[in-house]
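Analysis of the macromolecular model
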Amino acid sequence: MSATTEHTLTCRMQAEPAALERLCQVVRVRGFRIRQMSADSADGQLTIGLTVSGERPIGMLQSQLEKLHTVAQVSTETTLALARA
Amino acid sequence: MNGAQHILEAFQRHQIDTVFGYPGGCIMPLYDALVDAEGVEHVLCRHEQGCALAADGYARASGRLGVCIATSGPGATNLITGVANAHRDSIPMLVITGQVPSALIGTDAFQETDVLGMALGIVKHSYLVTEADELPAILEEAISLAQQGRPGPVWIDIPKDVLLTDIAAMACPSAAPDIAQAAQSTLTTTAPPCPDLSDALALLHNARQPLLYSGGGVGLAGAEAAFRAFADTSGLPGVVTLKGIGNHGKHSPHQLGMLGMHGSRAANLAVDACDLLLVIGARLDDRATGKLADFAPNARIIHLDADQAEFHKLRRAEVALRGDLNTMLQALTQALSNRPLAIADWQAQCRTWATTKGFPAADNEATVAPIHGPEFVRQLSRITPDDAIIACDVGQHQMWVAQHYQFDHPRHHLSSGGLGTMGFGLPAAIGAQFARPDQVVINVSGDGSFMMNAQELATIRRYRLPLKLIILDNQCLGMVRQQQELFYGNRESQIDLDDNPDFLTMARAFDIPSLHIERSDQIRRGIETILAYQGPMLLHVAIARDDNVWPIVKPGAGNREMLDEHQRNRKETPTTKTSKETAA
Ligand SMILES: Cc1ncc(C[n+]2csc(CCOP(=O)(O)OP(=O)(O)O)c2C)c(N)n1
Ligand SMILES: [Mg+2]
């Protein structure tokens, strides 16, 4: 089993009513937990900052988020290994 | 034109001529518009799950978009299993539900459920239409999204007032361009040009024991011809997943059959031995790979798929190429015809496996009673025409169909793979018969599964569909019984169905004639009789209660650990506590 790692993501998506639900559901189902979250909307776009933790490779979450039809861009900024609880 | 009429107009424009639905309060404006609609046949199923699964079967058999329609609340919740089924198997589907009027959303109105929220995890995308004038653009987007890239279900939930609003001014779909131009995911943008194949070719030329591993993506991409040309030119031995059955056609000399939990020894041995696995349109499902750590332990992976998110998900690929399978396969074929692979020894080894380690043959000269499922399916395969479409349900009978029926094309095999939905077969066969009115469509069901959507017998009767229904009746939930026998110390729990209804009487209630057989010498006559009959007919087949599907790999074990009949360690009598005793 690999150690839990914390990752910071930025996601730009269309600001439709279910936007945050879609995003959060993918994060949970794909094995990550949200530690911190922020959301700004402007011009019909949402910019979401996320700090998530999990044991799986973050690339897996990124490609699943990119698959959401309303997601325009996802970038992974930093990763930080957490001491195992 | 109101919203409802606009939907029907969009159907016409997209040549959507068959839809499966069930009316109710909030979708009534659409049903009202249907009265005057031309060019769209609405098929009334008898349960919304039947509608969704029929739309799924229609799409699988034809490659076209499947459409299902239901009302709010219970109509929508009843669709869920069918939509999830389509989602797991990447079937193009448009789902339309009525919702309570906009002003009542969020007030716990009669038949209100949060359809958008409920369906998030089982759709490719979904919409709740909040502004009537957005409906035209949403419809256009949904119809193309469901079929683009990796297909899937797209759900539009439409409040009743939106269906009634006049949106004549918006009838032109380009009138709301902002939505149509909304953010496009990497998956759904038009397929990229053919990626650079040189790394893949280098790996192929360096491999000594390369193997083809193909899945449902080949058929979904309409790439069967390109796939077969590639398989022939390369001479690569090939294994298929449940959804890839038929990819090679029935006469290919190179194929080793299905791999995985109920795969052939030949297929699992080849995967175990290969040094390169070329994965095409497959997602390395756990039923196919077995324990990942033991899967293809010596192999490097080349992965070709339409969906970026499938790469490296379960196994790291040395080369991962996203694109249109047709384009990539044609380019690979071209390259290999210029410079063929030198793999004669490996081909010979695989051919030996294919001839000596295929699925255990059940053909029997002597008359046996009751009938064995595999033997029945082998005869079915020999007697039916090459283009017959076989739907099946879920359980042992499904695996016997996968193992013993020789499919010539992936669209001839309708099987619920990812979700494993009992009750899939009957409505899927109905959908397939609408898509392919001139082909023989047969549903091979189990006695448990058949009861899960038996109400659809009424749909067969209403539309006089010439479907052929086969029930392999082992008087139990055979697949569960098998696993209880093998992995739970033979403690049978809630699998007994010896109080099944009289299926022949049941069929008669729907004007469907039937025939019962129970000895192996009756199989041929039975199959020929239902095929010759002009109209729907049921063949009820009494099969052995305790037959198992062989080989089997224990869930969680590696595919090398295949168990066979001779490893069966059957105790004299199973420990049984029937549901009737429990209830007494
Ligand atoms: C809707 C649903 N419920 C439960 C299951 C679990 N399940 C898988 S196979 C099976 C038994 C199927 O029995 P039957 O249709 O008679 O087929 P058999 O295995 O006997 O051929 C069950 C209960 C399922 N796949 N789908
Ligand atoms: Mg059964």
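Residues numbered from 1 in each chain as written. Chains lettered and ligands numbered in written order. Predicted model: local features only at pLDDT ≥ 70, side-chain atom pairs only at ≥ 80, totals over all residues. Heavy atoms only, no water.

**As for the sheet that holds strand β16 (residues 468-473) of chain B**
Residues and elements named next belong to chain B. Read across the open sheet, the six strands follow the order β14-β13-β15-β16-β19-β18; overall the sheet is parallel. A strand with exactly one partner marks an edge of an open sheet, and here the two such strands are β14 (413-414) and β18 (514-517). Where strand β15 (residues 441-446) meets β16, five bridges bridge the pair, whose relative direction is parallel. Counterpart to Ile442 in the pairing with β16 is Lys468. Relative to β16, helix α16 (residues 373-383) is tilted by about 160°, and along the sheet it contacts β15, β16, β18 and β19 (537-542). (Pairing = 2+ DSSP bridges. Helix = DSSP H or I, 4+ residues; strand = E, 2+ residues; numbered from the N terminus. Contact = heavy atoms within 4.5 Å. Axes fitted to C-alpha atoms, helices over the stretch in contact; angles between N-to-C directions.)

**Some thoughts on the side chain of Ser90 of chain B**
All names here are of chain B. Secondary-structure assignment places Ser90 in the loop between α4 (74-88) and β4 (93-99). Its relative accessible area of 5% is what places Ser90 among the buried residues. With residues near it in sequence (within four places) discarded, Ser90 still touches Arg150, Pro151, Gly152 and Leu220. (Buried < 20%, exposed > 50% of the residue type's maximum accessible area, 1.4 Å probe, protein only.)

**Comments concerning the interface of chain A and chain B**
Accessible area lost upon the coming together of the parts serves often as the stated size of an interface. Each partner contributes residues to the interface: chain A has 15 residues there, and chain B has 22 residues. Contact between chain A and chain B buries roughly 1600 Å² in total, counting both sides, with carbon and sulfur atoms accounting for 57%. Along the contact surface separating chain A from chain B lie one salt bridge. Between chain A and chain B we count four residue pairs in polar contact (both at pLDDT 80 or more) in total. Looking at the side of chain A that touches chain B residue by residue, the class counts come to five nonpolar, six polar and four charged. (Buried area = accessible area lost by both parts, 1.4 Å probe. Salt bridge = Lys/Arg side-chain N within 4 Å of Asp/Glu carboxyl O. Polar contact = N/O pair within 3.5 Å; in protein donor to acceptor, adjacent residues only side chain to side chain. Nonpolar A, V, L, I, M, F, W, Y, C, P; charged D, E, K, R; others polar.)

**A few points about the domain arrangement of chain B**
Residues and elements named next belong to chain B. Here chain B is partitioned into domain 1 (3-188), domain 2 (198-356) and domain 3 (373-583). Between the C-alpha centres of domain 1 and domain 3 the distance comes to 32 Å. Contacts between the two partners involve 26 residues from domain 1 and, on the opposite side, 26 residues from domain 3. Taken together, both faces of the contact between domain 1 and domain 3 bury some 2000 Å²; the carbon and sulfur share is 60%. For the pair domain 1 and domain 3, the interface holds zero salt bridges. On inspection of domain 1 and its partner domain 3, the count reaches 11 residue pairs in polar contact (both at pLDDT 80 or more). Of all the elements in the fold, those that place two or more residues in the side of domain 1 that touches domain 3 are β1 (18-21), β2 (41-44), α3 (48-62) and α4. (Domains from an automatic or database assignment.)

**Concerning the packing of helix α12 (residues 265-273) of chain B against helix α15 (residues 344-356) of chain B**
All names here are of chain B. One way to put it is that α12 packs onto α15 with a least axis distance of 9 Å and a crossing angle of 150°. Taken together, the axes of α12 and α15 are roughly antiparallel relative to one another. The chirality of how α12 crosses α15 is right-handed. For the pair α12 and α15, contact is made by Ala266, Leu269, Ala270 and Ala273 and by Trp346, Cys350, Trp353 and Ala354, respectively. (Parallel < 35°, antiparallel > 145°, perpendicular 65-115°, else oblique. Left-handed = near helix turned anticlockwise from the far one by under 90°.)

**Remarks on a nonpolar patch on the surface**
All names here are of chain A. A cluster of nonpolar residues, Leu20, Ile34 and Met37, forms a patch on the protein surface that exposes about 220 Å² of accessible area. Inspection of the secondary structure assignment puts Leu20 in helix α1 (residues 19-29). Judged by relative accessible area, Leu20 falls into the partly exposed class, the value being 34%. (Patch = residues over 30% accessible without salt bridge, like charges linked within 9 Å, V, L, I, M, F, W, Y side chains within 5 Å. Areas by Shrake-Rupley, 256 points an atom, 1.4 Å probe, with all protein chains shown as cover.)

**Side note on the pairing of strand β6 (residues 153-159) of chain B**
Residues and elements named next belong to chain B. For β6, the buried fraction is high: seven of the seven residues fall into the buried class. Covered by surrounding structure in β6 are Pro153, Trp155, Asp157 and Pro159 together with Val154, Ile156 and Ile158, the residues of both alternating faces. Relative to β6, β4 runs parallel, the two sharing seven bridges. Each residue of the ladder has a partner; that of Gln99, found in β6, is Pro159. Note: strand β5 (residues 125-128) against β6, four bridges, orientation parallel. Counterpart to Leu128 in the pairing with β6 is Asp157. Between the parallel elements β5 and β6, the chain passes through helix α6 (residues 135-147) in a crossover that is right-handed. (Right-handed = clockwise from strand over helix to strand, strands pointing away.)

**Some words on the sheet that holds β2 of chain B**
All names here are of chain B. Ordered by their spatial adjacency, six strands build an open sheet running β2-β1-β3-β4-β6-β5, and the pairing between neighbours is parallel. One side of each edge strand has no neighbouring strand; the edge strands of this open sheet are β2 and β5. Neighbour-to-neighbour, the strand axes of this sheet turn through a mean angle of 20°, independent of strand direction. Pairing geometry for β1 and strand β3 (residues 66-70), over two bridges, is parallel. Paired with Phe20 across the two strands is Cys68, which belongs to β3.

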